[in-house]
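Structure at a glance
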Amino acid sequence: MTQADLDFDVAICGAGPVGLALAAFLVRRGVPGARIALIDGKSLGQAISDPRSIALSWGSVQLLDELKAWPLPATAIHQIHVSRRGHLGRSLMDRRDHDVAALGYVTRYGAVVDALARRCEAAGVAMLRPARVQALDDTPIGVLLALDDGRMVRAQVAVQAEGGIFGRQDQRARSRDYEQSAVIARVTSDAPIAHRAFERFTGEGPLALLPEDGPDGHQYALVWCVRRARAGTILDLDDTAFLKQLGEAFGTRLGAFTKVSPRVAFPLGLNAEARATARTVAIGNAAQTLHPVAGQGLNLGLRDAAVLARQLARDASPAAIERFQEERAQDRKLTIGLTDTMARAFTGSKPLQPLLGLGLAALDLARPARMLLADLMMFGRR
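A short tour of the structure in this document, coming up. (Residues numbered from 1 in each chain as written. Predicted model: local features only at pLDDT ≥ 70, side-chain atom pairs only at ≥ 80, totals over all residues. Heavy atoms only, no water.)

1. Points about the overall build of the chain
Scanning the chain from terminus to terminus reveals 10 helices and 19 strands. Out of the 382 residues in the chain, the part that is buried amounts to 52%. Considering only residue pairs separated by 6 or more positions, the chain has 74% of its internal contacts joining residues 24 or more positions apart. Total accessible area on the chain stands at roughly 16,600 Å², and carbon and sulfur atoms take up 53% of it. (Helix = DSSP H or I, 4+ residues; strand = E, 2+ residues; numbered from the N terminus. Buried < 20%, exposed > 50% of the residue type's maximum accessible area, 1.4 Å probe, protein only. Contact = heavy atoms within 4.5 Å. Areas by Shrake-Rupley, 256 points an atom, 1.4 Å probe, with all protein chains shown as cover.)

Right under this line is the structure:
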């Protein structure tokens, strides 16, 4: 590809699931693949080999299906059990109440990237990787992006779809440090419940177990939110001690935990701002980094991609970005607010904790409220 060829309608910075989905949606909406550039610092092989587990809502699965990037190797979530450790009250969401095949699915990050990348490559989307944007010049007639390999890219619109993780980001307009870290691993237990996910609120933060069928049989993707000062200690435990502490935090609903993979931890916080200029816009994690409670970050980003593609397919212009910002405002506001409230409410004042447990019990009895919450988690604000 020569320098003269590096002229596009849309340049997408970040070829993770959200950036790839945006490119694929643009093609589906009629934009020629050759007019779209995907820029990413990792090679495709590195991205595909990423073993992280991710949760896709039923609404996100429908979006991937529209792009012909579904089905994937994945484990269906039929039920979500929500409870508060040490207090009465729980709520159970069930797919049968919503007449859907699953409330969501658990799959690998790399599998989603692989499926979407194949769709983009088949459509002729320009893949500029590995390469990073070193400088961006936003002008009245377009955007000029300088890459670290010396190439210059011109585009009518540039989209930032690479957000990174909290703690490595610049502070945005709405920011909150939860002073927690998420400990990530895969675990097995001796009494698993097929297709049931758990969200267990502890005194330190939520503990999520997502069903995931792997080469060793039924296992769970663990997201254990703890006080940041304690995360290093937990990582340093040997497997036996780690599984014992996990069992004490979660309880015995799945029997005893018997095996754990190598684990990592990363800091948690809220960092959100609907950033845009006349010809640049941020989506996904680049616009809103959320706490993992309820697993809404990626799903919110995929909805961003679907709406932005529809607007840019009409015209890659400042007007399209304005329409996108207006259309996405309410879903973003509600999802960010709901996630932030859930992250803080169950780790706040101790006198309030029994009331929160009763709130879960009331939610289980109040079917309309439970249905509304599940609908928001599956589809966002519609």
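From this point, the discussion proceeds with the structure in view.
2. Examining the sheet that holds strand β4 (residues 75-77)
Where strands meet in a sheet, backbone hydrogen bonds hold them as pairs that are either parallel or antiparallel. In space, the 3 strands of this open sheet follow the order β3-β7-β4, with antiparallel pairing throughout. One side of each edge strand has no neighbouring strand; the edge strands of this open sheet are β3 (53-57) and β4. Averaged over all neighbouring strand pairs, the angle between strand axes comes to 30 degrees, with direction disregarded. In the sheet, β3 pairs with strand β7 (residues 104-108) via 5 bridges, with the strands oriented antiparallel. Across the sheet, Leu56 pairs through a bridge with Tyr105, a residue of β7. Most of the contacts of helix α4 (residues 109-122) go to β7, to which it runs at about 90 degrees, and overall it touches β3 and β7. (Pairing = 2+ DSSP bridges. Axes fitted to C-alpha atoms, helices over the stretch in contact; angles between N-to-C directions.)

3. What to know about the packing of helix α1 (residues 17-28) against helix α7 (residues 297-314)
It is at 8 Å that the axes of α1 and α7 come closest, and there the two elements cross at 30 degrees. On the basis of the axis angle, α1 is roughly parallel to α7. When the axes of α1 and α7 are compared, the crossing they make is right-handed. Contacts between α1 and α7 involve Pro17, Val18, Ala21, Leu22, Phe25 and Leu26 from the former and Leu298, Gly301, Leu302, Ala305, Ala306, Leu308, Ala309, Leu312 and Ala313 from the latter. The residue inventory of the contact of α1 with α7, partitioned by class, reads 14 nonpolar, 1 polar and no charged. (Parallel < 35°, antiparallel > 145°, perpendicular 65-115°, else oblique. Left-handed = near helix turned anticlockwise from the far one by under 90°. Nonpolar A, V, L, I, M, F, W, Y, C, P; charged D, E, K, R; others polar.)

4. Structural notes on the pairing of strand β14 (residues 206-214)
Most of β14 sits out of view: 7 of its 9 residues are buried. The pairing of strand β13 (residues 196-201) with β14 spans 4 bridges and is classified as antiparallel. The residue of β14 that forms the bridge with Phe201 is Pro206. The loop that links β13 with its antiparallel partner β14 comprises 4 residues; one of these, Gly205, has a positive phi angle of about 155 degrees. Relative to strand β15 (residues 217-227), β14 runs antiparallel, the two sharing 8 bridges. Directly across from Leu207, in β15, lies its bridge partner Trp224.

5. Brief notes about the pattern of salt bridges
Across all of its chains, the model carries 24 salt bridges by this definition. Salt-bridge contacts for Arg230 lead to Glu204; the nearest nitrogen and oxygen are separated by 2.5 Å. Linking Arg230 in helix α5 (residues 228-236) with Glu204 in the loop between β13 and β14, this pair joins segments that are 26 residues apart in sequence. You can call Arg230 partly exposed: its relative accessible area is 24%. One continuous salt-bridge network, built from bridges that share partners, spans Arg303, Asp304, Arg328, Asp331 and Arg332. (Salt bridge = Lys/Arg side-chain N within 4 Å of Asp/Glu carboxyl O.)

6. Considerations on the environment of Arg263
Summarising the element assignment, Arg263 is placed in the loop between β16 (257-260) and β17 (264-272). Using a relative accessible area of 14% as the deciding quantity, one classes Arg263 as buried. Between the alpha carbons of Arg263 and Ile184 there is a distance of 5.5 Å; along the sequence they are 79 residues apart. When sequence neighbours within four positions are dropped, the list of residues in contact with Arg263 reads Val183, Ile184, Ala185, Ile234, Leu235, Leu237, Asp238, Asp239 and Phe242. There is a polar contact of 2.4 Å between the side chain of Arg263 and the backbone oxygen of Leu237. Of the polar contacts made by the side chain of Arg263, one reaches the side chain of Asp239; its length is 2.9 Å. (Polar contact = N/O pair within 3.5 Å; in protein donor to acceptor, adjacent residues only side chain to side chain.)

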